[in-house]
Amino acid sequence: MFVLVNLKAYPCDPVAVAEAARDVADESGARIAVAPQAAHLAAVADTGVETWAQHVSPVEHGSHTGSTLAEAVADAGAVGTLLNHSENRIKLADIDGSLVAADRPGLETVVCANNPDQAAAAAALGPDAVAVEPPELIGGDVSVASADPAIVEDSAAAVAAVDDDVDLFCGAGVSSGEDVSAAADLGASGVLLASGVAKADDPRAVLRDLVSGI
Ligand SMILES: O=C(CO)COP(=O)(O)O
């Protein structure tokens, strides 16, 4: 199971979380990545943790003020990017364009979706993975795997029906090893989470618990 920690715009110390994630990945052998603010990518990557961007724009080098260029996030040390997060929805054509952009410097890609139909549509665009995250459960205390197990199972089936090579991740409310195991049992091969780590008093302890069942 891949554990992808999205720091969103939370007021945590991205380097401290990254160091904890790096250490827990090293000691457990689990795959853990951290997706900080774009401005913090280099500092996070310098810790040695696997580093992801939260978004890249559907643009090439050129006159695109305010964009997040895929090559720039890769230069800063990112190896993957989220796209179409529930809090940063983009048009279908732009998801496609951002996937093309991410592919240029070889970034791995996870496209977020609200439900199985969107997961299937996202899978058709050929990302490495689709992450299903019901918006109403994001930031809450109850994991998607216990609150809505069917959405994970149905999304896994929907994605597999479109393209067997696309992985299915899930997220929203994931904060414990039990949640990660439950997600795996439902057919997910990764989890996407944020507040459980970014808002924790002791992110290292939460990360250790998250990977305890992997
Ligand atoms: O949106 C999410 C991860 O990208 C999920 O957020 P929470 O883990 O805070 O529910």
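Residues numbered from 1 in each chain as written. Predicted model: local features only at pLDDT ≥ 70, side-chain atom pairs only at ≥ 80, totals over all residues. Heavy atoms only, no water.

1. Describing the site of the ligand
Inclusion rule: Nearness is judged by heavy atoms alone; a residue qualifies as near a molecule or strand once a single heavy atom is within 4 Å of it. We define a polar contact as two N or O atoms separated by no more than 3.5 Å, with the added condition that, inside protein, one atom must be a possible hydrogen donor and the other a possible acceptor, whereas residues neighbouring each other in sequence contribute only through side-chain atom pairs. A 1.4 Å probe and the Shrake-Rupley method give the accessible areas. Residues count as covered only by the protein chains that appear here. Each residue gets one label: Ala, Val, Leu, Ile, Met, Phe, Trp, Tyr, Cys and Pro are nonpolar, Asp, Glu, Lys and Arg are charged, and the others, such as Gly, are polar. Domain start and stop points were drawn from an automatic or database domain assignment.
With respect to spatial proximity, the complete set of residues near the ligand consists of Asn 6, Lys 8, His 85, Glu 133, Ile 138, Gly 139, Ala 172, Gly 173, Leu 192, Leu 193, Ala 194 and Ser 195. In this structure, Asn 6 approaches the ligand through a side-chain N or O atom, which is 3.0 Å from an oxygen atom. The contact in question runs from an oxygen atom of the ligand to an N or O atom on the backbone of Ala 194, over 2.8 Å. Summarising the interface, the protein chains cover 100% of the accessible area of the ligand, which totals 310 Å² for the free molecule. Of the residues that constitute the shell around the ligand, the class distribution is five nonpolar, five polar and two charged. Summarising the domain contributions, the shell around the ligand has at least three residues from each of domain 1 (6-109) and domain 2 (114-185 + 207-214).

2. Some words on the UniProt feature "binding site: substrate" (unreviewed entry) in the protein chain
What counts here: UniProt positions are given in the numbering used here, feature names are shortened, and annotations may be inferred rather than shown by experiment. The buried label applies to any residue whose accessible area, calculated with a 1.4 Å probe on protein chains only, is under 20% of its type's maximum; exposed applies above 50%, and partly exposed to all values in between. Contacts: residue pairs with any heavy atoms within 4.5 Å of one another.
In this structure's numbering, the residues bearing the UniProt feature "binding site: substrate" (unreviewed entry) are Asn 6, Leu 7, Lys 8, Ile 138, Gly 173, Ala 194 and Ser 195. These annotated residues cover 190 residues of sequence, but their C-alpha atoms sit close together, with the largest distance between any two at 14.3 Å. Judged by relative accessible area, which is 4%, Asn 6 ranks as buried. Contact partners of Asn 6, with chain neighbours within four places excluded, come to Ala 35, Gln 54, Leu 82, His 85, Leu 192, Leu 193 and Ala 194. One polar contact links the side chain of Asn 6 to the main-chain amide nitrogen of Lys 8, over a distance of 2.9 Å. On the basis of relative accessibility, which here comes to 17%, the residue Ser 195 falls in the buried class. With sequence-adjacent residues up to four places away left out, Ser 195 is seen in contact with Tyr 10, Gly 139 and Ala 200.

3. Side note on the domain arrangement of the protein chain
Under the convention used in this document: Put simply, buried area is how much 1.4 Å-probe accessible surface two parts lose in total, over both of them, once they are put together. The working definition used for a salt bridge is a side-chain nitrogen of Lys or Arg within 4 Å of a carboxyl oxygen of Asp or Glu. Here a helix means four or more residues in a row that DSSP labels H or I, a strand means two or more in a row labelled E, and each is numbered from the N terminus.
Along its sequence, the protein chain is organised into domain 1 (6-109) and domain 2 (114-185 + 207-214). A C-alpha centroid distance of 19 Å is found between domain 1 and domain 2. Each side of the interface is counted separately: domain 1 has 20 residues, and domain 2 has 13 residues. Contact between domain 1 and domain 2 buries roughly 1,200 Å² in total, counting both sides, with carbon and sulfur atoms accounting for 63%. Linking domain 1 with domain 2 are one salt bridge. Linking domain 1 with domain 2 are five residue pairs in polar contact (both at pLDDT 80 or more). Mapped by element, the contributors of at least two residues to the side of domain 1 that touches domain 2 are α1 (14-28), α4 (92-103) and β5 (108-113). Considering each element in turn, the side of domain 1 that touches domain 2 owes the most residues, six residues, to α1. Counted by class, the side of domain 1 that touches domain 2 contains ten nonpolar, four polar and six charged residues.

4. Here we look at the UniProt feature "active site" (unreviewed entry) in the protein chain
Residues annotated in UniProt with the feature "active site" (unreviewed entry) correspond here to His 85 and Glu 133. The named residues occupy 49 residues along the chain; their greatest pairwise C-alpha distance, 8.7 Å, places them in one compact cluster. Inspection of the secondary structure puts His 85 in the loop between β4 (80-83) and α4. Excluding residues that lie within four positions of it along the chain, His 85 makes contacts with Asn 6, Lys 8, Cys 112, Glu 133 and Ile 138. Mapping Glu 133 onto the fold places it in the loop between β6 (129-132) and α6 (144-147). With near-sequence residues (within four places) excluded, Glu 133 lies in contact with His 85, Cys 112, Ala 113, Asn 114, Ile 138, Gly 171, Ala 172 and Leu 192.

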